[in-house]
Amino acid sequence: MAGLDFEISVRRLILLWEAQGFVQPRGQEPLEDVAEDYLEELLGRSMVQIAAKKLNGKIKSIRVHDLLRELAIKKGKDDRFFDIIHGNVRDRFLTRPRMLSTSFGITPKTRSSSRIRSLLVFDNNEHRLKDFKKIKLLRVLDLVYSTLMLGNSFI
């Protein structure tokens with residue numbers, strides 16, 4: 001996927017970090033402040049770049065350069081930390097990672113989802129809550145562009 005820089009809102013990133021337990025408490029300091037320090041560290045090391053700022057000067061969104069993103073994806077897959085499934089590839093999911101990003105309505109099969117703690121779904125389809133109940137250890141479900149249905153109701 002060369003040539004594509006990935007951009008994410010700082011608010012969404014911090015919420016994902018907190019939900020996944022990546023932000024460690026530091027005294028009485030709010031987790032959000034600790035996470036912002038983590039982000040400043042990444043910026044200082046040129047691991048991420050500022051994509052947009054708010055009117056008050058705070059960072060609105062960041063991006064990861066495509067080369068660094070590809071390196072991170074390779075390392076994450078090698079370590080079985082996460083995987084990405086996209087396109088029409090439904091049976092490629094073999095590594096049993098802790099985190100999974102999918103698109104185009106692909107959800108993991110029961111046997112391959114036993115370790116998933118975080119699932120990010122990048123599609124604009126409707127999903128039913130029962131589709132995710134088989135993922136027993138799921139802590140984070142991010143339906144980035146999707147709609148979640150409970151029975152006949154949308155969330």
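- Looking up the chain in an unreviewed UniProt entry gives the name Putative disease resistance RPP8-like protein 2-like protein, with the organism given as Corchorus capsularis.

**Examining the nonpolar core**
Now for step 1: Core analysis: the largest hydrophobic core is formed by 16 residues, its most contacted members being V10, L13, W17, L39 and I62.
Now for step 2: Only α1 (10-19), α2 (31-44) and β3 (59-64) provide two or more residues apiece to this core.
Now for step 3: Counting eight residues, the second-largest nonpolar core is a separate cluster that includes L100, V121, F132 and I135.

**Observations concerning the layout of surface pockets**
It is a probe the size of a water molecule, rolled over the atoms, that shows where empty space is left.
Now for step 1: Considered as a void within the structure, the second largest pocket measures approximately 250 Å³ in volume.
Now for step 2: Surrounding the second largest pocket, S9, V10, R11, I14, E32, E36, L39, E40, K54, K58, I59 and K60 form its lining.
Now for step 3: Counting residues per element, the ones that place at least two in the lining of the second largest pocket are α1, α2 and β3.
Now for step 4: The leading source of residues in the lining of the second largest pocket is α2, at four residues.
Now for step 5: Broken down by class, the residue content of the lining of the second largest pocket amounts to four nonpolar, one polar and seven charged.

**Considering the pattern of salt bridges**
Now for step 1: All chains considered together, the criterion is met by nine salt bridges.
Now for step 2: The closest approach of N and O atoms between R26 and D37, which form a salt bridge, is 2.3 Å. Highlighted residues: R26 in the loop between α1 and α2 and D37 in helix α2, separated in sequence by 11 residues.
Now for step 3: In this structure D37 comes out as partly exposed when scored by relative accessible area, which is 36%.
Now for step 4: K74 is the partner of D78 in a salt bridge, and the nearest nitrogen-oxygen pair spans 2.9 Å.

So, how was this worked out
Residues numbered from 1 in each chain as written. Predicted model: local features only at pLDDT ≥ 70, side-chain atom pairs only at ≥ 80, totals over all residues. Heavy atoms only, no water. Core = buried A, V, L, I, M, F, W, Y, C linked by side-chain atoms within 4.5 Å. Buried < 20%, exposed > 50% of the residue type's maximum accessible area, 1.4 Å probe, protein only. Helix = DSSP H or I, 4+ residues; strand = E, 2+ residues; numbered from the N terminus. 1 Å grid on protein atoms, 1.4 Å probe; cavity = no way out; pocket = protein on both sides within 12 Å on 5 of 7 lines; lining within 4 Å. Points joined across faces, edges and corners; volume = space filled by probe spheres on them. Nonpolar A, V, L, I, M, F, W, Y, C, P; charged D, E, K, R; others polar. Salt bridge = Lys/Arg side-chain N within 4 Å of Asp/Glu carboxyl O.

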